[in-house]
Every structure is written in C-alpha cells, then in structure tokens.
Amino acid sequence: MQTSFLSKLHVGVIMDGNGRWATQQGLPRGLGHEAGVDATRRVMEAAPGMGVGTLTLFAFSSDNWRRPDEEVATLMHLLEIYLRSETHQLVEKGIRLNLIGRRDRLPPGLREEIDRAEAMTAAGDRLHVRLAVDYSARDAILAAAARISAGEDLTRPGFSRLVSGDIVRDVDLVIRTSGEQRLSDFMLWESAYAELFFTQRMWPDFTGEDLAEALAAFGGRQRRFGTTPSQAALKVAAAHTMPAQPVAA
Ligand code: IPE
Ligand code: IPE
Ligand code: MG
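An account of the accompanying structure is given in this report. (Residues numbered from 1 in each chain as written. Chains lettered and ligands numbered in written order. Predicted model: local features only at pLDDT ≥ 70, side-chain atom pairs only at ≥ 80, totals over all residues. Heavy atoms only, no water.)

## Description of the pairing of strand S1 (residues 9-14)
Then step 1. With six of six residues buried, S1 is to be regarded as a mostly interior element.
Then step 2. Judged by which residues are buried, S1 turns out to be covered on both faces: Leu9, Val11 and Val13 on one side and His10, Gly12 and Ile14 on the other are all buried.
Then step 3. Sheet topology note: the S1/strand S2 (residues 52-61) ladder contains six bridges and is parallel. Residue Val11 lies in a different strand from S2, and its bridge partner there is Leu55.
Then step 4. Relative to strand S5 (residues 173-176), S1 runs parallel, the two sharing four bridges. In the strand pairing of S5, Gly12 is matched with Val174. (Buried < 20%, exposed > 50% of the residue type's maximum accessible area, 1.4 Å probe, protein only. Helix = DSSP H or I, 4+ residues; strand = E, 2+ residues; numbered from the N terminus. Pairing = 2+ DSSP bridges.)

Written out as structure tokens, the structure is:
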C-alpha cells in the first residue's frame, strides 16, 4: 500500500453502456465490450495527471452472471486477454493493479493472470487501479460483518478495511455512464459521502476529456459532511494549510 494514493482522489466508475453502444451500430454486444476496453485504457492514461490516486472500475458485477453464457464468456475472455497482453504496459506506467470481488468463481486461467498482474504491478506508485470483477458491495459488507462477528475490531476505519480489503480512501466521486442513475451494488459503504456524476456518454465513447469534465463538476461542488455551508468553506480553507489526511473525513 502506497500512502501517496491516500492523499489523492479516489474515483469510482460504473462503466455502463457497452451493449447499447454496439446495438445502436448494429454490432454484436461483444464488440461493445471490446471498445469498452479502449475507453478503460484512455481513462487510466488520463487519471494520474488529474489528481486521481485511486480508480475503482466496475467491470463485472456479481449479478452479471445472470447474463447469457456467451456474453459472460466473452467478458471473462476479454479480461484475461487484457491482463495477459497489457500488464507490462501497466508496469511501465507506474500503475498498481488489484482485483476486488470474488475470485473463486472466475475461470482458472483468468485467476492466474490476475495473480501475475497483481504481483508484477505491486510497486506501481502513480495510480492504484482496482478492477471490480464478480463484485457485489452488499456481499463485501456481509463478508466484513462475518469477520467482525469472528472477533475483529468494530470501528468505522477497521470495518472499512475489511470491506475494501485494503487501506483505501473513501470514494470521492462516482461516475456512471450511459444515462443510468443508480449504483447497481457498487461501493455502497465507501460512497457514503461520494459525489455522483452521471453522463449520457456510453462507456466505449468515454475519453480523458469526459473524465476532466466529471472532475471539474466535482471541483465545483461543496462537500459538507453534515456541516453548514460556512463551516464547510472554512474547512476547505484549513485543508489547504494542513497536511493531507490519510482517510477522507
Ligand atoms: C457495461 O455495459 C459492462 C458490463 C456490465 C459488463 P453493459 O454490458 O451493461 O451495457 P448495456 O447497459 O447493456 O448497454
Ligand atoms: C453495472 O452495470 C455493472 C457494471 C458496469 C460492470 P449493469 O448494466 O449490469 O447494471 P444494471 O443491471 O443496469 O443496474
Ligand atoms: Mg448496463
């Protein structure tokens, strides 16, 4: 864990609209997922220069197992190919990659690529990318609760660590593409005070400029964490003169 990530923004992205993007062009949905990989690459490229330290990308939800077998197989295959062919570029770019979510239901070949990519990129210190695959926030919370009842310390930071599987800053901004305005079981605990940004843009069309637009909107919002607007304004002024806190307030 690099503490430098904690002083920069944590952005979560619900990468939605691949299927509709393809259908609109008369293409099979699988080609939408392929085009979605290109968008993911663009966002990883742009994020470190925009003050983002952690990027959590929702790639496959636990409910996505309910899709047709063929589409699930395509998605698993794409993930495996992506990791196999691009891990070395992640290393070059200083990206640390981790998978969050269940691994036991993934194809063995994909699990091997994940283990290899995590080991190879462990020293990355420019950007922490967390790929959410077979991920369900409710299941993550349940799993953390099960460990609490087994004797773990019951505090918010301790529980956050169990839910997130690491020391991760609460998510600052959640972006969802394709016009949908829901969380679909994504980071429910970590996004307690996240700002939400919804865009009509389909994920395969998303670019670094779209990320900049989302961050600009985020920058224009006042985060109050329960305080009054004037208290929150003072806190922002104070934050500029104080060292960054490891975990969002
Ligand atoms: C997001 O795009 C990718 C995954 C959920 C795996 P979708 O596949 O959900 O695309 P739409 O929502 O059907 O257009
Ligand atoms: C959420 O998208 C999961 C991912 C983007 C990976 P879905 O497209 O599966 O969500 P719903 O079913 O429309 O809520
Ligand atoms: Mg969708």
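## Quick word on the site of ligand 1
Then step 1. Taken together, 13 residues surround ligand 1, and among them Met15, Asp16, Gly19, Arg20 and Arg67 come closest.
Then step 2. Contacts to ligand 1 include Gly19, whose backbone N or O atom sits 2.9 Å from an oxygen atom.
Then step 3. The separation between an oxygen atom of ligand 1 and a polar side-chain atom of Arg29 is 3.0 Å.
Then step 4. For ligand 1, the accessible surface in isolation is 370 Å², of which the surrounding protein chains cover 87%.
Then step 5. Contributions of two or more residues to the shell around ligand 1 are made by helix H1 (18-24), helix H2 (29-46) and helix H3 (69-92).
Then step 6. At three residues, the largest contribution of residues to the shell around ligand 1 is made by H1.
Then step 7. Considered class by class, the residues forming the shell around ligand 1 number three nonpolar, five polar and five charged. (Near = heavy atom within 4 Å. Polar contact = N/O pair within 3.5 Å; in protein donor to acceptor, adjacent residues only side chain to side chain. Areas by Shrake-Rupley, 256 points an atom, 1.4 Å probe, with all protein chains shown as cover. Nonpolar A, V, L, I, M, F, W, Y, C, P; charged D, E, K, R; others polar.)

## A closer look at the side chain of Asp134
Then step 1. In this fold, Asp134 is placed in strand S4 (residues 127-135).
Then step 2. A relative accessible area of 1% means that Asp134 is categorised as buried.
Then step 3. In this structure the side chain of Asp134 is engaged in a polar contact, spanning 2.9 Å, whose partner is the side chain of Arg105.
Then step 4. Every residue in contact with Asp134, bar those within four places of it in the chain, is listed here: Phe60, Ser61, Ser62, Trp65, Gly101, Arg102, Arg105 and Leu106. (Contact = heavy atoms within 4.5 Å.)

## Notes on helix H6 (residues 156-164)
Then step 1. Within H6 the residues assigned to the buried category are Gly158, Phe159, Ser160, Leu162, Val163 and Ser164.
Then step 2. Looking at the buried positions of H6, the neighbouring elements they touch are S4 and helix H5 (137-149).
Then step 3. The N-cap of H6, judged by a side-chain oxygen 3.0 Å from the amide nitrogen of Gly158 a few residues on, is Thr155.
Then step 4. Backbone geometry just downstream of H6 places Gly165 in the positive-phi region, at approximately 75 degrees.

## Description of the site of ligand 2
Then step 1. Taken together, Ile14, Met15, Asp16, Phe58, Ala59, Phe60, Asn64, Arg67, Arg176, Arg182 and Ser184 make up all the residues around ligand 2.
Then step 2. One of the side-chain N or O atoms of Arg67 is found 3.2 Å from an oxygen atom in ligand 2.
Then step 3. In isolation ligand 2 has 390 Å² of accessible area, and contact with the protein removes 77% of it.
Then step 4. When residues in the shell around ligand 2 are grouped by element, the largest group, three residues, is from S2.
Then step 5. Taken together, the residues that form the shell around ligand 2 break down as five nonpolar, two polar and four charged.

## Things to note about the sheet that holds strand S6 (residues 195-198)
Then step 1. One open sheet accounts for six strands, arranged S3-S4-S2-S1-S5-S6; its pairing is parallel. Whereas interior strands pair on both sides, the edge strands pair on one side only; in this sheet they are strand S3 (95-100) and S6. Looking at each pair of strands side by side, their axes are set apart by 20 degrees on average, direction ignored.
Then step 2. Pairing geometry for S3 and S4, over six bridges, is parallel. Within S4, the position partnered with Ile100 by the bridge is Ala132. (Axes fitted to C-alpha atoms, helices over the stretch in contact; angles between N-to-C directions.)

Just geometry here; none of it tells us what the structure is for.
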